[in-house]
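Coordinate inspection notes
So you can see what is in the structure, the chains are spelled out below.
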Amino acid sequence: MAAWIMRRFDSLTAGERTQLDQVLVACPDLAVAAELARDFAAITRERRGSELPTWMDRALANGPQPIQSFAAFLQNDWDAVINGLTLKWNSGAVEGQVTRIKLIKRRSYGRASFSLLRTLVLAPPP
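Residues numbered from 1 in each chain as written. Predicted model: local features only at pLDDT ≥ 70, side-chain atom pairs only at ≥ 80, totals over all residues. Heavy atoms only, no water.

**Some words on the pattern of salt bridges**
Here is the rule: In the sections that follow, a salt bridge refers to a side-chain nitrogen of Lys or Arg positioned within 4 Å of a carboxyl oxygen of Asp or Glu. Numbering goes from the N terminus for both helices and strands, where a helix is a DSSP run of H or I of at least four residues and a strand is a run of E of at least two. Classification of residues uses two cut-offs on accessible area relative to the type maximum, computed with a 1.4 Å probe and protein chains only: under 20% is buried, over 50% is exposed, and between them is partly exposed.
Tallying each qualifying case throughout the model produces five salt bridges. The shortest N-O distance in the salt bridge between Glu35 and Arg58 comes to 3.6 Å. Taken together, the residues span a long stretch of sequence, with Glu35 in helix H3 (residues 28-45) and Arg58 in helix H4 (residues 52-62) at a distance of 23 residues. According to the relative accessible area criterion, Arg58 is partly exposed, its value standing at 28%. In this structure, Arg58 engages Asp39 in a salt bridge whose closest nitrogen and oxygen atoms are separated by 2.6 Å. In this pair, Arg58 sits in helix H4 while Asp39 sits in helix H3, placing the two residues 19 residues apart along the sequence.

Below, the structure is given as structure tokens:
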């Protein structure tokens, strides 16, 4: 059910759409949650951070409790959330290097000396 809600509606098969529509008609709370989840996914996917305040108002006013909690949590670091949903910059390259170093460290932990670890870290990736 969650996968159907989070996927783009046009990517669902006719049978999946029919089943999803039946469930959403039967459970109005889930329908509201699904609409808010789809809208948030679109804001995230298409980097439309300027639309987040409107989404937040809807989520806090009409959303089910878990979505209200999520929306309230986003307010804790509002500027970072807006920038993350608007700007094209991210920390992916840095996180990739950190992951690479941790992998090297774990691979040689207990079996290698510090000089070998230093060589592996400073060596260019394969």
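**Things to note about the nonpolar core**
Keep this limit in mind: Remark: nonpolar core denotes a set of buried residues (Ala, Val, Leu, Ile, Met, Phe, Trp, Tyr, Cys) joined through side-chain atoms within 4.5 Å.
Counting residues in hydrophobic clusters, the biggest one holds 13 residues, and the most contacted among them are Leu52, Trp55, Met56, Ala59, Ile67 and Leu74. Taken together, the elements giving at least two residues each to this core come down to H3, H4, helix H5 (65-74) and helix H6 (78-86). With seven residues, the next largest nonpolar core counts Trp4, Ile5, Leu20 and Ala37 among its residues.

**Points about the packing of H3 against H4**
Convention followed: Where helices are involved, their axes are fitted lines through C-alpha atoms of the stretch in contact, as for all axes, and angles between N-to-C directions lie from 0 to 180°. Angles are sorted into four bins: roughly parallel if under 35 degrees, roughly antiparallel if over 145, roughly perpendicular if 65 to 115, and oblique for all others. Should the near helix be turned anticlockwise from the far one by less than a right angle, the crossing is left-handed, and should it be turned clockwise, the crossing is right-handed. Whether two residues are in contact is decided by their heavy atoms: any pair within 4.5 Å suffices. Following the grouping adopted for this structure description, the nonpolar residues are Ala, Val, Leu, Ile, Met, Phe, Trp, Tyr, Cys and Pro, the charged ones are Asp, Glu, Lys and Arg, and the polar ones are all others, Gly among them.
Look at H3 against H4: their axes get within 11 Å of each other, and the N-to-C directions meet at 160°. Considering the angle they form, H3 stands roughly antiparallel to H4. Like other packed secondary-structure pairs, H3 and H4 cross with a definite hand, here left-handed. Touching Val32, Glu35, Leu36, Asp39, Phe40 and Ile43 of H3 are Leu52, Trp55, Arg58, Ala59 and Asn62, all from H4. Among the residues forming the contact of H3 with H4, the class breakdown is seven nonpolar, one polar and three charged.

**Here we look at helix H2 (residues 14-26)**
Rules: In a helix, the anticipated span is given by 1.5 Å times the number of residues less one. This arc is built from the directions going out from the helix axis to the C-beta atoms.
For H2, with 13 residues, the first-to-last C-alpha span of 18 Å sits near the 18 Å given by 1.5 Å per residue. Those residues of H2 not exposed but buried are Glu16, Leu20 and Leu24. Angular distribution of buried residues about the axis of H2 spans 60°; they occupy a single face of the element. In H2, the exposed positions angled more than 90 degrees off the buried face are occupied by Ala14, Gln22, Val25 and Ala26. Contacts made by the buried residues of H2 are with helix H1 (2-6) and H3.

**Quick look at the packing of aromatic side chains**
What counts, and what does not: Here the aromatic set is Phe, Tyr and Trp, taking the six-membered ring for Trp, and pairing holds for ring centres within 6.5 Å; pairs whose planes are under 30 degrees apart are stacked, those over 60 apart are edge-to-face, and all others are tilted.
Enumeration according to the criterion identifies three aromatic pairs in this entry. Between Phe40 and Trp55, the aromatic rings sit 4.9 Å apart at their centres with planes inclined by 45°, giving tilted as the arrangement. Residue Phe40 is found in helix H3, and its partner Trp55 is found in helix H4; the two are separated by 15 residues along the sequence. You'll find Phe40 and Trp55 in the same group, each marked buried. Ring geometry for Trp55 versus Phe70: centroids 6.3 Å apart, planes at 80°, classification edge-to-face. One end of the pair, Trp55, is in helix H4; the other, Phe70, is in helix H5, and 15 residues separate them in sequence. Among the aromatic side chains, those forming a connected cluster through ring pairs are Phe40, Trp55 and Phe70.

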